[in-house]
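Survey of secondary and tertiary structure
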Amino acid sequence: CISSPAIIPENLPQDIPYRIVAKYPHPPGSFTQGLVFESGYLYESTGRYGLSRLRKIRLETGEILQEFPLAPNVFGEGITIYKDRIIQLTWQSRIGFVYDKKSFRLLGSFRYPDRMEGWGITTDGKHLIMSDGSNRLYFLDPDSFKVIRRIEVVDNERPVHNINELEYIEGVIYANVWQSPKIIKIDPRSGQVTARIDFSDIVPKE
């Protein structure tokens, strides 16, 4: 695959302000790993061995409408919706699952390259974009699941590691940084962090 070199940008990433516009209930005990919101419903992938699930949830009430349990030896991670399919990653099993979005029927699976872990995943409509806990993002063919190219995520100081859950919105990638209250905004061509959202004020200190 093609790898884009890491270039340390000169400009500081901008701080993006935020405001809370609504709060919704969430099933207690769920170790959230991946989220997708579509057509009024929340699709969620939960983690932990023996407790990992794929779920469809009614946003307003937190009611679980559909659920698919994973095998007890796999740890659920990020999900994305591509056309009529749901793509779900697992952590260290090096395997991803493909489901029918409507029925949650398991359609197939795919393997990651050697030594890769599954963390977050999203799509730009042409590729799947995947993180593995490093500072790299991988662009995959959505049919063959082969890695087409990769980029390295950097801010003005150094590579940004622990890239986790991903979302692709209006031409840019947003990523949660594991064990950090920050979401970063990433240029999908260069990997440069252009902005940050700091949620320290609403994240409990514990």
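Heads up: the structure comes first, above all this text.
What counts, and at which threshold
Residues numbered from 1 in each chain as written. Predicted model: local features only at pLDDT ≥ 70, side-chain atom pairs only at ≥ 80, totals over all residues. Heavy atoms only, no water. Helix = DSSP H or I, 4+ residues; strand = E, 2+ residues; numbered from the N terminus. Rg over C-alpha atoms; globule rule 2.2 N^0.38 Å. Buried < 20%, exposed > 50% of the residue type's maximum accessible area, 1.4 Å probe, protein only. Contact = heavy atoms within 4.5 Å. Areas by Shrake-Rupley, 256 points an atom, 1.4 Å probe, with all protein chains shown as cover. Phe/Tyr/Trp six-rings, centres within 6.5 Å; stacked < 30°, edge-to-face > 60°. Pairing = 2+ DSSP bridges. Axes fitted to C-alpha atoms, helices over the stretch in contact; angles between N-to-C directions. Polar contact = N/O pair within 3.5 Å; in protein donor to acceptor, adjacent residues only side chain to side chain. Salt bridge = Lys/Arg side-chain N within 4 Å of Asp/Glu carboxyl O.

**Things to note about the overall build of the protein chain**
In terms of regular secondary structure, the protein chain is built from 0 helices and 18 strands. Here the protein chain has a C-alpha radius of gyration of 17 Å; the compact-globule value for 206 residues is 17 Å, and the two agree. Seen along its three principal axes, the alpha-carbon backbone of the protein chain occupies a region of about 45 × 40 × 30 Å. Of all 206 residues assigned to the protein chain, the portion counted as buried reaches 45%. In the protein chain, of all internal contacts separated by at least 6 residues, the share reaching a separation of at least 24 is 44%. Put simply, the protein chain shows about 11400 Å² of open surface, and 51% of that area lies on carbon and sulfur atoms.

**Section: the packing of aromatic side chains**
With the rule as written, the count across this model stands at 8 aromatic pairs. With 5.3 Å between their ring centres and 75 degrees between their planes, Tyr49 and Phe75 make a pair best called edge-to-face. Here Phe75 lies in the loop between β6 (64-69) and β7 (76-82) and Tyr49 lies in the loop between β4 (41-46) and β5 (53-58), a separation of 26 residues in the sequence. A relative accessible area of 10% means that Phe75 is categorised as buried.

**Topic: the sheet that holds strand β9 (residues 95-100)**
Strand order in this open sheet of 4 strands is β7-β8-β9-β10, and the pairing throughout is antiparallel. Each edge of the open sheet is held by one strand with a lone partner, namely β7 and β10 (106-111). Strand after strand, the sheet turns through a mean of 20 degrees between neighbouring axes, direction not considered. In this structure, β7 lies alongside strand β8 (residues 85-90), joined through 5 bridges in antiparallel fashion. Considered in β8, the bridge of Thr80 is made with Ile87.

**A short note on the environment of Trp178**
In this structure, Trp178 sits in the loop between β16 (172-177) and β17 (182-186). With 148 residues separating them along the chain, Trp178 and Ser30 place their C-alpha atoms 17 Å apart.

**Some remarks on the side chain of Ser134**
As for its position among the elements, Ser134 is in the loop between β12 (128-131) and β13 (136-140). One polar contact links the side chain of Ser134 to the main-chain amide nitrogen of Arg136, over a distance of 3.0 Å. Here Ser134 is in contact with Val160, His161, Asn162 and Ile163, once residues within four sequence places are set aside.

**Describing the pattern of salt bridges**
Enumeration over the complete set of coordinates arrives at 6 salt bridges. For Lys101, the salt bridge identified is with Glu38, shortest N-O distance 2.8 Å. Highlighted residues: Lys101 in the loop between β9 and β10 and Glu38 in strand β3 (residues 32-38), separated in sequence by 63 residues. Take Lys101: its relative accessible area is 22%, and that puts it in the partly exposed class. Classification of Glu38 by relative accessible area gives partly exposed; the value is 25%.

**Quick word on the sheet that holds strand β2 (residues 14-15)**
Spatially, the 5 strands line up as an open sheet ordered β2-β18-β17-β16-β15, and their pairing is mixed. Two strands bound the open sheet, and with one partner strand each, they are β2 and β15 (163-169). Across 5 bridges, β15 lies against β16 in antiparallel orientation. For Tyr168, the partnering residue across the bridge sits in β16 and is Ile173.

**Let's talk about the pairing of β13**
For β13, a buried count of 4 out of 5 residues is recorded, marking the element as mostly surrounded by other parts of the structure. Across 4 bridges, β12 lies against β13 in antiparallel orientation. Opposite Leu128, over in β13, you have Leu140 as the bridge partner. The turn linking β12 back onto β13 is made up of 4 residues, and Gly133 within it adopts a positive phi angle of 90 degrees. Across 5 bridges, the pairing between β13 and strand β14 (residues 147-152) is antiparallel. From the neighbouring strand, Phe139 faces β14, where its bridge partner is Arg149. Adjacent in sequence and paired antiparallel, β13 and β14 are bridged by 6 residues, among which Phe145 carries a positive phi angle near 65 degrees.

That is the geometry; function is a separate question.
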